[in-house]
Amino acid sequence: CMGLVVAPGGLGTCDELFEVITLMQTGKIKRKLPVILIGKKFWQACIKWEAFVEYGMISEADANQLIFVDTADEAFKALTDGIIAVEDADTRSHSPHLKRTRSP
């Protein structure tokens, strides 16, 4: 999985969204995948994301990983930009000068 794009939906959609966010938050998913929510007004009205931060349930960083967009074009750009950022981070973390070689 390289990212998540979520359109407005009901409780099943929210369940899947929260599952992926939780897996990233707990480190079960190692990468910080782009999470794009289509429909800014819908997602910000239905779920008060800032309340999770204010009550200490999630960090500001967790909330900031959500990308709100309104169009498919915006979602595509956010997804591709996010994938590039993840791949760049992976490349830097796997840089040859950081690897240790094993002794025989």
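Preceding block: the structure.
Residues numbered from 1 in each chain as written. Predicted model: local features only at pLDDT ≥ 70, side-chain atom pairs only at ≥ 80, totals over all residues. Heavy atoms only, no water.

Caption draft 1: Molecular detail of helix 1 (residues 11–25). The end-to-end C-alpha separation of helix 1 is 20 Å, in line with the 21 Å expected for 15 residues at 1.5 Å each. Along helix 1, the positions that sit buried rather than exposed are Cys-14, Leu-17, Val-20, Ile-21 and Met-24. Projection of helix 1 onto a plane perpendicular to its axis shows the buried side chains occupying an angular sector of 130 degrees, all on one side. Counted as exposed and oriented over 90 degrees from the buried face of helix 1: Leu-11, Gly-12 and Glu-16. Gly-27 sits one or two residues past helix 1 and shows a positive phi near 85 degrees. (Helix = DSSP H or I, 4+ residues; strand = E, 2+ residues; numbered from the N terminus. Expected span 1.5 Å × (residues − 1). Buried < 20%, exposed > 50% of the residue type's maximum accessible area, 1.4 Å probe, protein only. Arc of directions from axis to C-beta.)

Caption draft 2: Local environment of the nonpolar core. Counting 14 residues, the largest nonpolar core has Leu-17, Val-35, Leu-37, Trp-43, Trp-49, Leu-66 and Phe-68 as the members making the most contacts within it. Contributions of two or more residues to this core are made by helix 1, strand 2 (35–38) and strand 3 (66–69). Residues within four places of Val-35 in sequence aside, it is in contact with Leu-4, Leu-17, Met-24, Gln-65, Leu-66 and Ile-67. Ranked by size, the runner-up nonpolar core spans six residues in total, among them Ile-36, Val-69, Ala-75 and Ile-83. (Core = buried A, V, L, I, M, F, W, Y, C linked by side-chain atoms within 4.5 Å. Contact = heavy atoms within 4.5 Å.)

Caption draft 3: Region of the structure containing the sheet that holds strand 3. Pairing is parallel across the open sheet formed by three strands, whose spatial order is 1-2-3. Whereas interior strands pair on both sides, the edge strands pair on one side only; in this sheet they are strand 1 (4–6) and strand 3. Averaged over all neighbouring strand pairs, the angle between strand axes comes to 20 degrees, with direction disregarded. By the bridge criterion, four bridges tie strand 2 to strand 3 in an arrangement that is parallel. By the bridge assignment, Leu-37 is partnered in strand 3 with Phe-68. Strands strand 1, strand 2 and strand 3 of the sheet are contacted by helix 1, whose axis makes an angle of about 155 degrees with strand 1. (Pairing = 2+ DSSP bridges. Axes fitted to C-alpha atoms, helices over the stretch in contact; angles between N-to-C directions.)

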